[in-house]
Every structure is written in structure tokens, then in C-alpha cells.
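Coordinates in review
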Amino acid sequence: MSRKIFIAGNWKMNTTVDDAVALAKGVVESVGPQDDVDVAVCPPYTNLSAVADAVMGSNVKLGAQDVHWEEKGAFTGKISCAMLKAVGVTYVIIGHSEQRQYFHETDETVNKKVKAALGSGLLPIVCVGETLDERKSGSMEKVVETQVRGAFADISPDDALKCTVAYEPVWAIGTGETATPEQANDAHAFIRKILSDIYSDDAAQAIRIQYGGSMKPANAKELLAQSDVDGGLIGGAALKADLFEGIVKPQ
Ligand code: PGA
């Protein structure tokens, strides 16, 4: 099964609207009209509209960094799936470790968001990953399995195929420390085994699993060459068009 590489930039809480437009234009220009790799950028909510215009007509798709599961109403500060769709969003990151760590995201809220996103035609990027303590204490597999099963609870096989999983070991995010290609591939193979158990081997072989955590031009090629690594969710290196390009087109 050949899975197309998918590289997404998670800009986190960076860029004002002008910065975002400039960065998005830089990405469109540097990535060019290629079709070998799926590419998306995920700016903050306030910049989605402007970035939608900046990437229009290119192969760079738009993603959001989170979404709320309710359709509308008295949920101050929240953004719905329909609002994202209306500004041209295709992908939505759900369950990022920073959401889990700082903003009370749980496997249950992740699942609600995944269901709402799929119900609205958004494509979820579901993030999972263990902390350093969890890895050191040998509970990485248990933690990741719970997160994967939680996120995909009651999601149909057809809908699961619309999801991407991002394996992001928390200890590698923004730290400069990267999982070795073997560590990443082992974790990805483990996640695929769980997906095969929940759905089928065919489904598990079709679902893309990105790696995230200090991915940069210098390590992208080796990580992306692993049999179960199907792309990257890029934080820091997504904030510079040339670094992001070096991951989309690793040398
Ligand atoms: P990083 O972030 O590339 O800066 O480590 C990745 C992420 O959190 O998605």
C-alpha cells in the first residue's frame, strides 16, 4: 500500500495576519505546483481567511488548529466546524498535546471533536503521543493505545479513512530532541496495529500516520523514509518557508 506523504505546518500561536499571509505566500512559492506530497498550513483562527486567499489556486490546503464540537450557541471563545468550513478549511488538528496539557483536552473531547469534524466534512488530524515520564516508565504503548481507541470510538471505518493520525511524542515537541527514525517507526507500526484491530488491516494500511516533534530539513529525509511514517506535523520549522520546503522536499 503506498500512502502519499502528507506534510502539515502547525503554526501554533504565531503570526499576525500580515505575517501569516507572507508566510503562506512563501510556502506556496517554495512548494510550487508539485503533486507528490500533500501539503497543508494551519494558522491561528484569526488568519484563516487571509491565508485561504493566499493559498487559493495552489496545492497548499488550509487547516485549523482546533475546533469545538457544538454546532453553535453560547460557547464563548469557541469556533464551530461550520465556521471553519465557511472560510475554506480542509483539515483540523484535534487533540494536540498542548491542548491536552494546558486546556483540559481529554480522549472524550477529542472523540467529540473528531465526530463533529467528520460530520461537517472536515478532515481530522488526530494527535497522540506520550510524555517523557510515560516513555521512561514503559507505558508508552498503553498511553498511545488509549488515546487512539478514545479518538476513534464509534467512528465508522469509512470515516476513519478520512483521518490522519499524528504521532507526536511530547518530549520531542519544540525541544530539538527528535525520536530516532526507529523509535518513530516502531510507534507508528504500533498505532497501525491498533487501527487494524479496531477496523481492518486494509483500513490500517490506508490511514496516514504523520510524525511530529522537532522535524526539520536535517532529519526529515530519514524519518520520511521509514515504512510506517507517512508525513510530518511540523511546528517550529513550519514558521520559515525555506525550512518547511526542506521538509516537503527533503534532500
Ligand atoms: P515542533 O512541533 O515541530 O516545533 O516540535 C510539532 C507540533 O507540536 O506539532
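Before reading further, recall that the structure is shown in the block above.
Figured I'd write up the structure that's included with this text. This structure is a prediction, so every number in the text was calculated from the model and none was measured.

Cut-off values and rules
- Residues numbered from 1 in each chain as written.
- Predicted model: local features only at pLDDT ≥ 70, side-chain atom pairs only at ≥ 80, totals over all residues.
- Heavy atoms only, no water.
- Axes fitted to C-alpha atoms, helices over the stretch in contact; angles between N-to-C directions.
- Helix = DSSP H or I, 4+ residues; strand = E, 2+ residues; numbered from the N terminus.
- Left-handed = near helix turned anticlockwise from the far one by under 90°.
- Contact = heavy atoms within 4.5 Å.
- Nonpolar A, V, L, I, M, F, W, Y, C, P; charged D, E, K, R; others polar.
- Near = heavy atom within 4 Å.
- Polar contact = N/O pair within 3.5 Å; in protein donor to acceptor, adjacent residues only side chain to side chain.
- Areas by Shrake-Rupley, 256 points an atom, 1.4 Å probe, with all protein chains shown as cover.
- Buried < 20%, exposed > 50% of the residue type's maximum accessible area, 1.4 Å probe, protein only.
- Pairing = 2+ DSSP bridges.
- Right-handed = clockwise from strand over helix to strand, strands pointing away.
- Patch = residues over 30% accessible without salt bridge, like charges linked within 9 Å, V, L, I, M, F, W, Y side chains within 5 Å.
- Salt bridge = Lys/Arg side-chain N within 4 Å of Asp/Glu carboxyl O.
- Lys, Arg positive; Asp, Glu negative; His and termini not counted.
- Charge placed at Lys NZ, Arg CZ, Asp CG, Glu CD.

Moving on, we come to the packing of helix H1 (residues 17-31) against helix H12 (residues 241-248). Two numbers describe a pair of packed helices, the interaxial angle and the distance between the axes. Where H1 meets H12, the axes come as close as 9 Å, and the angle between the chain directions of the two elements is 35°. With respect to the hand of their crossing, H1 and H12 are arranged in right-handed fashion. Here Leu23, Gly26, Val27, Ser30 and Val31 of H1 lie close against H12, whose contacting residues are Ala241, Phe244, Glu245 and Val248. Residue classes in the contact of H1 with H12 are distributed as 6 nonpolar, 2 polar and 1 charged.

Neighbouring the ligand are 13 residues; Lys12, His96, Glu168, Gly174 and Ser214 lie closest to it. Gly174 has a polar backbone atom sitting 2.7 Å from an oxygen atom of the ligand. Gly235 is positioned such that a nitrogen or oxygen atom in its backbone is 2.9 Å from an oxygen atom of the ligand. For the ligand, whose unbound accessible area comes to 290 Å², protein coverage reaches 96%. For the shell around the ligand, the per-class residue count stands at 4 nonpolar, 7 polar and 2 charged.

Going residue by residue along strand E4 (residues 91-94), you find Tyr91 and Ile93 tucked away on one face and Val92 and Ile94 tucked away on the opposite face as well. The sheet contact formed by strand E3 (residues 60-64) and E4 spans 2 bridges and is parallel. Following the sheet pairing, Ala64 is matched in E4 by Val92. A crossover connection joins E3 to the parallel E4 through helix H3 (residues 81-86); in handedness this β-α-β unit is right-handed. Two strands pair when backbone bridges link them, and E4 and strand E5 (residues 123-128) are joined in this way by 4 bridges, in the parallel orientation. When the sheet's bridge partners are listed, Ile93 is paired in E5 with Ile125.

As a further point, take a negative patch on the surface. A cluster of acidic side chains, namely Glu141, Glu182, Asp186 and Glu222, defines a negative patch on the protein surface. Mapped onto the fold, Glu222 is located in helix H11 (residues 217-224).

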